[in-house]
Amino acid sequence: MPTIQERIKHITATIPTNVRLVAVSKYQPEEYILDAYSAGQRIFGESHAQELRLKHEHLPKDIEWHFIGHLQTNKVKYIAPFIAMIHSVDSFRLLEEINKQAAKTQRTIPCLIQVHIAQEETKFGFTPEECVEFFAQKEWQQFKHIKIKGLMCMASNTEDEDRIKNEFRSVHELFLHIKNNLFDDKDDFTECSWGMSDDYPIAIDEGSTLVRIGSLIFGERG
Ligand SMILES: *Cc1c(COP(=O)(O)O)cnc(C)c1O
């Protein structure tokens, strides 16, 4: 069995240099995170605000924490002081709250808009139509403590690789459409967060710049 360090080294050596690895450490103990850290990994993804708050307290301060799960508005305050990126913005109300909490700690928080594309896996995220509407309206530009950096999605949980490929491809087309037609400052809209343990090679083929990999690094979650 390869160690956590070996898996981190293998994955980082095999992904293109323009793709960053988010090591998804939700439900994993802090010693596993330190193992990955000692292999040079600095970006970690978590999906529960209180768990993340404790890990942030205990672990090295140069870790870049990314929030990747559904975030309830009343939990934003726990992570706003330190979070490096929120991948999972799934409502306007959440964006409003992130802006408010970021302002309180005098930060600007990079965010991604979550697109709902998979058939049934999650109820969270904007549909592609809602996403276009969201960017076209430009109301989000009032939020001075947020930088919207790109899109995030999860593909269907299926063996059907063609379907997975088509889902990533259609979100990538949506990303390009928004970047080229609806986003004023194009150099700021650069991030495509898709790809997990089972589908990240397909995601990279379809434009991913951030892969979120958990079980392939740390094993099954306890
Ligand atoms: C848990 C999780 C992952 C990682 O999943 P693995 O299959 O363990 O790689 C990626 N993205 C999100 C949003 C998750 O919740």
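Just so we're clear, the structure is a prediction, and the values are computed from it rather than from any experiment.

### Quick look at a negative patch on the surface
Phase 1 of the analysis: There is a patch of like negative charges on the surface, built from E159, D160, E161, D162, D198 and E220.
Phase 2 of the analysis: Here E161 is to be found in helix α7 (residues 161–182).

### A closer look at the pattern of salt bridges
Phase 1 of the analysis: All told, the structure shown has eleven salt bridges when counted by the stated rule.
Phase 2 of the analysis: Notably, a salt bridge pairs R169 with E206, separated by 2.9 Å at the nearest N-O pair. Placement of the pair is R169 in helix α7 and E206 in the loop between α8 (200–205) and β8 (210–213), with a sequence separation of 37 residues.
Phase 3 of the analysis: Linked through salt bridges whose partners overlap, the residues forming this network are R20, E64 and E191.

### Notes on the packing of helix α6 (residues 128–137) against α7
Phase 1 of the analysis: Where α6 contacts α7, the axes come no closer than 11 Å and their chain directions differ by 20 degrees. In terms of axis orientation, α6 runs roughly parallel to α7. As α6 runs across α7, the sense of the crossing is right-handed. Listed contacts from α7 to P128, C131, V132, F135 and A136 of α6 are L174, H177, I178 and L182.
Phase 2 of the analysis: Across the contact of α6 with α7, the residue classes tally to eight nonpolar, one polar and no charged.

### Considering the packing of aromatic side chains
Phase 1 of the analysis: Summed over the entire model, instances satisfying the criterion amount to twelve aromatic pairs.
Phase 2 of the analysis: Where F44 meets W65, the ring centres are 6.0 Å apart and the plane angle is 45 degrees; that geometry is what we call tilted. Placement of the pair is F44 in strand β2 (residues 43–46) and W65 in strand β3 (residues 64–67), with a sequence separation of 21 residues. Accessibility assignment for this pair places F44 and W65 in one class, buried.
Phase 3 of the analysis: Judged by centre distance (6.4 Å) and plane angle (20 degrees), the ring pair of F134 and W140 falls under stacked.
Phase 4 of the analysis: According to the relative accessible area criterion, W140 is buried, its value standing at 10%.
Phase 5 of the analysis: Of the aromatic side chains, those joined through ring pairs into one cluster are F92, F126, F134, F135, W140, F143, F175, F183 and F189.

### Things to note about the pairing of strand β5 (residues 109–115)
Remember that side chains alternate between the two faces of the sheet whenever the strand is regular.
Phase 1 of the analysis: Within β5, six of the seven residues are buried, leaving the element largely enclosed by the surrounding structure.
Phase 2 of the analysis: Where the polypeptide runs from strand β4 (residues 85–89) across helix α5 (residues 92–104) and back to β5, its parallel neighbour, the crossover connection is right-handed.
Phase 3 of the analysis: Across seven bridges, the pairing between β5 and strand β6 (residues 146–153) is parallel. From the neighbouring strand, Q114 faces β6, where its bridge partner is M152.

### Let's talk about the side chain of K149
Phase 1 of the analysis: As for its placement among the helices and strands, K149 is situated in strand β6.
Phase 2 of the analysis: Buried charged residue K149 carries no salt bridge. Nearest counter-charge: D188, at 4.5 Å.
Phase 3 of the analysis: Within the structure, the side chain of K149 is placed 3.5 Å from the backbone oxygen of D188, a separation counted as a polar contact.
Phase 4 of the analysis: The contacts of K149, once residues within four sequence positions are left out, are M85, P110, C111, L112, D188, F189, T190 and E191.

Scoring rules and cut-offs
Residues numbered from 1 in each chain as written. Predicted model: local features only at pLDDT ≥ 70, side-chain atom pairs only at ≥ 80, totals over all residues. Heavy atoms only, no water. Patch = residues over 30% accessible without salt bridge, like charges linked within 9 Å, V, L, I, M, F, W, Y side chains within 5 Å. Areas by Shrake-Rupley, 256 points an atom, 1.4 Å probe, with all protein chains shown as cover. Salt bridge = Lys/Arg side-chain N within 4 Å of Asp/Glu carboxyl O. Lys, Arg positive; Asp, Glu negative; His and termini not counted. Charge placed at Lys NZ, Arg CZ, Asp CG, Glu CD. Helix = DSSP H or I, 4+ residues; strand = E, 2+ residues; numbered from the N terminus. Axes fitted to C-alpha atoms, helices over the stretch in contact; angles between N-to-C directions. Parallel < 35°, antiparallel > 145°, perpendicular 65-115°, else oblique. Left-handed = near helix turned anticlockwise from the far one by under 90°. Contact = heavy atoms within 4.5 Å. Nonpolar A, V, L, I, M, F, W, Y, C, P; charged D, E, K, R; others polar. Phe/Tyr/Trp six-rings, centres within 6.5 Å; stacked < 30°, edge-to-face > 60°. Buried < 20%, exposed > 50% of the residue type's maximum accessible area, 1.4 Å probe, protein only. Right-handed = clockwise from strand over helix to strand, strands pointing away. Pairing = 2+ DSSP bridges. Polar contact = N/O pair within 3.5 Å; in protein donor to acceptor, adjacent residues only side chain to side chain.

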